[in-house]
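# Remarks on the overall topology
Take a look at the letters that make up each chain.
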Amino acid sequence: MNNYLIYLCLIITLFVTSCDEEYNIVICNNSQESIYYVIGGNTSSSTYPYYSLPSEDHFAELLVSNDCNEETSIFPWNELIERSPNDSLCIFIIDNEIFRDSSWVTIRENDLVLDRIFITIDLLEQNDFKVYYP
């Protein structure tokens, strides 16, 4: 029975310590309005040119006013950025009402984006991996 407990403890320890590491950035909305944001660049949803919105909206995240969201990646953000065009990722900011009232095709075709925030490794490191709008 003792051997069984020892093996069980070893297996649990190996399982817990072998979990993938996660890398986070924090995106903060300092405006008085709720927004949606989408991260573009070297992602599975990217399109060319990389500063165009992804082809689908299921990556859009709501961010209420004066709040922050944490974005998690299983890859280090600096590696993702280094593999992207111009060594940057783009965060697309979309007005909450436009996102709710318009189709994604309309938003893309008419470029209904409030802002594009280009994030580089230097910018992330300088801001302790936080990105602010506006």
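Here, the structure is the one placed above.
Note that this is a predicted model, so its numbers are computed, not measured.

To continue, consider the state of the cysteines. Per the stated rule, a full pass over the model turns up one disulfide. Sulfur-sulfur distance for the disulfide between C28 and C68 comes to 2.1 Å. Between C28 and C68, the S-S dihedral sits near 105 degrees, and the bridge is therefore right-handed. With C28 in strand β1 (residues 23-29) and C68 in strand β4 (residues 67-73), the pair connects residues that are 40 residues apart, well separated along the chain.

Before going further, it helps to spend a moment on the nonpolar core. Core analysis: the biggest nonpolar cluster contains 17 residues, and I27, I39 and I91 have the highest contact counts within it. Elements that contribute at least two residues to this core include exactly β1, β2 (35-40), α2 (77-82), β5 (89-95), β6 (115-119) and β7 (130-133). Listed in part, the eleven residues of the second largest apolar core include Y36, V38, I94 and F99.

As summarised here, the arrangement of the three strands in space is β4-β1-β7, forming an open sheet in which the pairing is mixed. Strands at the two margins of the open sheet, each flanked by one partner only, are β4 and β7. Each neighbouring strand pair of the sheet contributes to a mean axis angle of 20 degrees, computed without reference to strand direction.

Criteria and thresholds
Residues numbered from 1 in each chain as written. Predicted model: local features only at pLDDT ≥ 70, side-chain atom pairs only at ≥ 80, totals over all residues. Heavy atoms only, no water. Disulfide = S-S within 2.5 Å. Helix = DSSP H or I, 4+ residues; strand = E, 2+ residues; numbered from the N terminus. Core = buried A, V, L, I, M, F, W, Y, C linked by side-chain atoms within 4.5 Å. Buried < 20%, exposed > 50% of the residue type's maximum accessible area, 1.4 Å probe, protein only. Pairing = 2+ DSSP bridges. Axes fitted to C-alpha atoms, helices over the stretch in contact; angles between N-to-C directions.

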